[in-house]
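# Geometric and topological summary
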Amino acid sequence: MKRKITLKQIARELDVSISTVSKALSGSKEISEDTTQKIQAFAKLYNYKPNNIALSLKNRKTKTIGILIPEIVHHFFSTVIRGIELVANRRGYNVIVGLSNESFTKEIINMEMLANGSIDGFILSISKETLLKQDYHHFNATINQGIPIVMFDRVVNEVDCDKVIVDDFNGSVKAVEKLLEKQCKSIALLTTMDYVSVGRLRTQGYIAALENNDIHADPDLILKINDGLDENHLEDLELEIEQFFKINPSIDGVFAVNELYAVTAMKVARKLGLSIPDDVQVIGFTDGVLSKHATPSLTTVSQHGQKIGEQAANLLIDRLGAEEAEEAEYTMSNERRSDFIKVVIETEIIERESTK
């Protein structure tokens, strides 16, 4: 009997990327005919069957939802999972959680693993590397084989599916306007690189809030932080923010697109002898554990992660129920659904000690 083989093993054996294998097996025109034939022949030899094709929703209902998130330690994602579980369990579903670790390759591998006859649909937030590559073929291939997806937080227009998003733009507008109300004159922005959709929208909100108040957005007051500077590189993150403060001594307000940047900014400000909130006021996005327990406690834009999870779970389970009721003749690959839903979760400002 021929041994079973995985997507990863095919890629390694043929010295190509997992993305190339995945695209070739789904018949993508992006891959040359020669490479496609070689990969498909190898897969046939070792009896490889794409897992998302093996799962037929109408014949093999598992009553299980696959959740795919970029990172496990982030408080926001843990609250989303809690919301998903509450609704899923109430409606007779279990959940399985997969982790991409912000990796495009791991995202594909996890989707293959979770779609191996063990889940009925996905709730997911896209990895940063996938957003950078702008390669979403694995999502579309999964949907085209009858496995519905609900995206949350990080979503893209290129994939037709239900989505649950935070009102990142208006949440940022409210945060910056709050700093302006509190008499801040020189408001800095700590943000991500533009390819991360939520960071881009929050940056746009920052700029819009200033322009709404006839203030020119000074590019020198915008620090776009490399994604590599995360919880595992706190010293480097502190150093970059410290240099930013030293170059811009006029800063009296900071809006950060996540609580890690906000809490780090407060630490740097105190190190430089600045008082919070007397000298510098700080607001961060995401109302997590760091915000509540920072010194001083952080004023935040709450994302309502649990509500996002509840909405996403209801959308997916409703979608699964609707598709189960449809005629077997209907196939997603032949017709695009036009009734996809986008739910926008409103934000609110949680005021604490980092603002006056």
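Residues numbered from 1 in each chain as written. Predicted model: local features only at pLDDT ≥ 70, side-chain atom pairs only at ≥ 80, totals over all residues. Heavy atoms only, no water.

### Brief notes about the packing of aromatic side chains
- Enumeration according to the criterion identifies 4 aromatic pairs in this entry.
- Both rings, one in phenylalanine 76 and one in phenylalanine 152, keep their centres 6.5 Å apart while their planes meet at 55°; by these two values the pair is tilted. Of this pair, phenylalanine 76 sits in helix α5 (residues 75–90) while phenylalanine 152 sits in strand β4 (residues 149–152), placing them 76 residues apart in sequence.
- In textbook terms, an aromatic cluster arises when at least three aromatic residues are bridged by ring pairs, as seen for Phe76, Phe77 and Phe152. (Phe/Tyr/Trp six-rings, centres within 6.5 Å; stacked < 30°, edge-to-face > 60°. Helix = DSSP H or I, 4+ residues; strand = E, 2+ residues; numbered from the N terminus.)

### Overview of α5
- Taking 1.5 Å of rise per residue, 16 residues should cover 22 Å, and α5 covers 23 Å from first to last C-alpha, within 8% of that figure.
- Here α5 has its buried residues at Phe76, Phe77, Thr79, Val80, Ile81, Gly83, Ile84, Val87 and Ala88. (Expected span 1.5 Å × (residues − 1). Buried < 20%, exposed > 50% of the residue type's maximum accessible area, 1.4 Å probe, protein only.)

### Topic: helix α3 (residues 33–45)
- The first and last C-alpha atoms of α3 sit 18 Å apart over 13 residues, in line with the 18 Å expected at 1.5 Å per residue.
- Taken together, the buried positions of α3 are Thr35, Thr36, Ile39, Phe42 and Ala43. Each buried residue of α3 lies within a common arc of 135° when the element is viewed along its axis, so the set occupies one face. Away from its buried face, by an angle of more than 90 degrees, α3 presents the exposed residues Glu33, Asp34 and Lys44.
- Where α3 is buried, its residues meet α1 (7–14) and α2 (18–25).
- Positive backbone phi, approximately 60°, marks asparagine 47, located one or two places after α3. (Arc of directions from axis to C-beta. Contact = heavy atoms within 4.5 Å.)

### Points about the nonpolar core
- Formed by 69 residues in total, the largest nonpolar core has its most connected members in Leu190 and Phe255.
- Split by domain, this core shows at least three residues from each of two domains, domain 2 (58–165 + 305–345) and domain 3 (168–304).
- With residues up to four places along the chain from it excluded, the contact list for leucine 190 reads Leu223, Ile225, Ile241, Phe244, Val254, Phe255, Ala256, Val257, Tyr261 and Ala265.
- Counting residues in each nonpolar core, the second largest holds 20 residues, with Leu131, Tyr136, Ile149 and Met151 among its members. (Core = buried A, V, L, I, M, F, W, Y, C linked by side-chain atoms within 4.5 Å. Domains from an automatic or database assignment.)

### Examining the domain arrangement of the protein chain
- What the domain assignment reports for the protein chain is domain 1 (7–50), domain 2 (58–165 + 305–345) and domain 3 (168–304).
- Computed from C-alpha coordinates alone, the two centres of domain 1 and domain 3 are separated by 45 Å.

### Thoughts on the side chain of glutamate 102
- Topologically, glutamate 102 is positioned in the loop between β2 (94–99) and α6 (104–114).
- Owing to a relative accessible area of 18%, glutamate 102 belongs among the buried residues under this scheme.
- A polar side-chain atom of glutamate 102 sits 2.8 Å from the main-chain amide nitrogen of lysine 128.
- Of the polar contacts made by the side chain of glutamate 102, one reaches the side chain of arginine 154; its length is 2.8 Å.
- Residues in contact with glutamate 102, not counting those within four places in the same chain, are Pro70, Glu71, Ser127, Lys128, Glu129 and Arg154. (Polar contact = N/O pair within 3.5 Å; in protein donor to acceptor, adjacent residues only side chain to side chain.)

### Considering the pairing of strand β10 (residues 299–302)
- Here β10 shows two buried faces, one formed by Thr299 and Val301 and the other by Thr300 and Ser302.
- Of the pairings in the sheet, the one linking strand β9 (residues 281–285) to β10 comprises 3 bridges and is parallel in character. Counted as the bridge partner of isoleucine 283 is threonine 299 from β10.
- Pairing between β10 and strand β12 (residues 348–350): 3 bridges, direction antiparallel. Directly across from threonine 300, in β12, lies its bridge partner isoleucine 350. (Pairing = 2+ DSSP bridges.)

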